[in-house]
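# Structural overview
Here are the chains, one letter per residue:
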Amino acid sequence: MTISETIAHLRGSIPAVLPSLLMCDFGQLANEVRRIEAAGVPGLHLDVMDGHFVPNLSYGLPLVEAFRRMTTLPLDVHLMISNPAQYIERYREAGADSMTIHVEAVHDPRPLLREIRAIGAMAGLALNPDTPVSAVRPYLKDCDLVLVMSVNPGFGGQKFDRRALDKLAELRSLAGDELLLEIDGGVNDATIADCCAAGAQLLVVGSAIFGTSDYLASTRRLVELASSKTTRSPQRTC
Ligand code: DX5
Ligand code: ZN
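Calculation criteria
- Residues numbered from 1 in each chain as written.
- Chains lettered and ligands numbered in written order.
- Predicted model: local features only at pLDDT ≥ 70, side-chain atom pairs only at ≥ 80, totals over all residues.
- Heavy atoms only, no water.
- Donors = N, O, S within 2.8 Å, 3.2 Å for Na, K, Ca; no water.
- Tetrahedral: all angles 85-135°; square planar, octahedral: opposite > 155°, others 65-115°.
- Buried < 20%, exposed > 50% of the residue type's maximum accessible area, 1.4 Å probe, protein only.
- Helix = DSSP H or I, 4+ residues; strand = E, 2+ residues; numbered from the N terminus.
- Pairing = 2+ DSSP bridges.
- Near = heavy atom within 4 Å.
- Polar contact = N/O pair within 3.5 Å; in protein donor to acceptor, adjacent residues only side chain to side chain.
- Areas by Shrake-Rupley, 256 points an atom, 1.4 Å probe, with all protein chains shown as cover.
- Nonpolar A, V, L, I, M, F, W, Y, C, P; charged D, E, K, R; others polar.
- Axes fitted to C-alpha atoms, helices over the stretch in contact; angles between N-to-C directions.
- Contact = heavy atoms within 4.5 Å.
- Salt bridge = Lys/Arg side-chain N within 4 Å of Asp/Glu carboxyl O.
- Expected span 1.5 Å × (residues − 1).
- pLDDT = per-residue confidence, 0-100.

### Looking at the coordination of the zinc ion (ligand 2)
Taken together, His45 (NE2), Asp47 (OD), His78 (ND1) and Asp184 (OD) make up the full set of protein donors to the zinc ion (ligand 2), lying 2.0 to 2.3 Å away. One can describe the donor arrangement at the zinc ion (ligand 2) as octahedral, given that its 6 donor atoms subtend angles of 66 to 167° at the metal. Read in sequence order, the donor residues coordinating the zinc ion (ligand 2) give the pattern H-x1-D-x30-H-x105-D.

### Concerning the pairing of strand 8 (residues 202–205)
Residues Leu202 and Val204 line one face of strand 8 and the alternating positions Leu203 and Val205 line the opposite face, and both faces are buried. With 4 bridges joining them, strand 1 (residues 16–19) and strand 8 adopt parallel strand pairing. Residue pairing across strands places valine 17 opposite leucine 203, the latter belonging to strand 8.

### Regarding the site of ligand 1
Around ligand 1, the structure places 21 residues, and the nearest of them are Asp47, Gly154, Gly157, Asp184 and Ser207. At 2.7 Å, a side-chain N or O of aspartate 47 approaches an oxygen atom of ligand 1. Between ligand 1 and glycine 154 there is a distance of 2.7 Å, counted from an oxygen atom to a backbone nitrogen or oxygen. Across the complex, the protein chains shield 99% of the 380 Å² of accessible surface that ligand 1 would expose by itself. Examining the composition of the shell around ligand 1, we find that 3 residues originate from one element, strand 2 (residues 44–49), more than from any other. Of the residues belonging to the shell around ligand 1, the class tally is 9 nonpolar, 10 polar and 2 charged.

### Here's the deal with the sheet that holds strand 5 (residues 122–127)
Across the sheet, which stays open at both edges, the 8 strands sit in the order 1-8-7-6-5-4-3-2 with parallel pairing between neighbours. Of all the strands in the sheet, the pair left with one neighbour each is strand 1 and strand 2. Direction aside, the axes of adjacent strands within the sheet are offset by 25° on average. Alignment of strand 2 against strand 3 (residues 75–80), held across 6 bridges, turns out to be parallel. Paired with leucine 46 across the strands is valine 77, a residue of strand 3. Of the strands in this sheet, strand 4 (98–102) and strand 5 are in contact with helix 5 (residues 110–118), which crosses strand 5 at around 150°.

### Side note on the pattern of salt bridges
All chains considered together, the criterion is met by 9 salt bridges. Measuring nitrogen to oxygen at the nearest pair gives 3.0 Å for the salt bridge that ties arginine 117 to aspartate 144. Of this pair, arginine 117 sits in helix 5 while aspartate 144 sits in the loop between strand 5 and strand 6 (145–149); the two residues are 27 residues apart in sequence, bridging distant segments of the chain. Arginine 117 gets classed as partly exposed once you look at its relative accessible area, which sits at 28%. Among the residues examined, aspartate 144 registers a relative accessible area of 4% and is labelled buried. Within the structure, one salt-bridge network assembled from shared partners comprises Arg110, Arg114 and Asp142.

### A look at helix 6 (residues 163–175)
Here helix 6 spans 19 Å end to end across 13 residues, near enough to the 18 Å set by a 1.5 Å rise per residue. Of the surrounding elements, those touching the buried residues of helix 6 are strand 5, strand 6, strand 7 (180–184) and helix 7 (192–197). One or two positions beyond helix 6, positive phi appears at glycine 176, with a value near 60°.

### Things to note about the confidence of the model for the chain
Note: predicted coordinates in regions of low pLDDT should not be interpreted at a detailed level. Across the chain, the average pLDDT comes to 96, with 97% of residues at 70 or higher. Low confidence marks residues 234–238, where pLDDT is under 50. Its contacts with residues over four positions away, or in another chain, come to 8 contacts.

### Observations concerning the environment of leucine 168
The residue leucine 168 is located in helix 6 in this model. On the basis of relative accessible area, leucine 168 is assigned to the buried category, the value being 0%. In sequence terms leucine 168 and glutamate 104 are 64 residues apart; their C-alpha atoms lie 18 Å from each other. Ignoring sequence-local partners within four residues, the contact set of leucine 168 consists of Val148, Leu181, Glu182, Ile183, Cys195, Ala198 and Ala200.

Set out below in structure tokens:
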């Protein structure tokens, strides 16, 4: 997909519940992708961890390529790695439609965000729970999305940090409708409506879907709860 196709697709799916495949059954990957597609999700969120930027290792290029072969859904790749500059092009080649780097990982995110766009993917910038909005503010014009972490990245199944809600509201008032806002970590039946009320449009969900036996039912419930608090804004036309 081109950047504008991916943006239009995601905007048309707001509130977009994006499953994080970190907690799926990797022994049955094709089946997991088939089941989550059948739940009607608008994209897949893929968590790449390097064991250095975060204290955990997950997966990298080969698995992103494998997901690409298994689905036509947009792949939203969350790069929790110390040296994203070295890998951006290869993740795009592997099939990433959106790539999010962490503001804490690089000295100057601007050239990287521009490179991500230049090679045809949506550019995202993430901030950890202890990082203030002021750290991403200078780069908002170079972002298609900002990812607010509501847990310290590295593991699924952690408790939602409510400071993320104030950050979402602050970002929304700074950036207006131009920017897609995504939230990741501890998003579940109890927290998703508050995320949407604060301005989140892309909701990353791991354990609240993959910890259930019926992905369709859990996704539907989350979308329903999210929809009750989502304010619809006009789609960007350029
Ligand atoms: C955390 C990852 C998340 C996480 C979401 O480092 O970026 O995508 O796996 O999982 P839950 O929803 O269980 O917090
Ligand atoms: Zn993530």
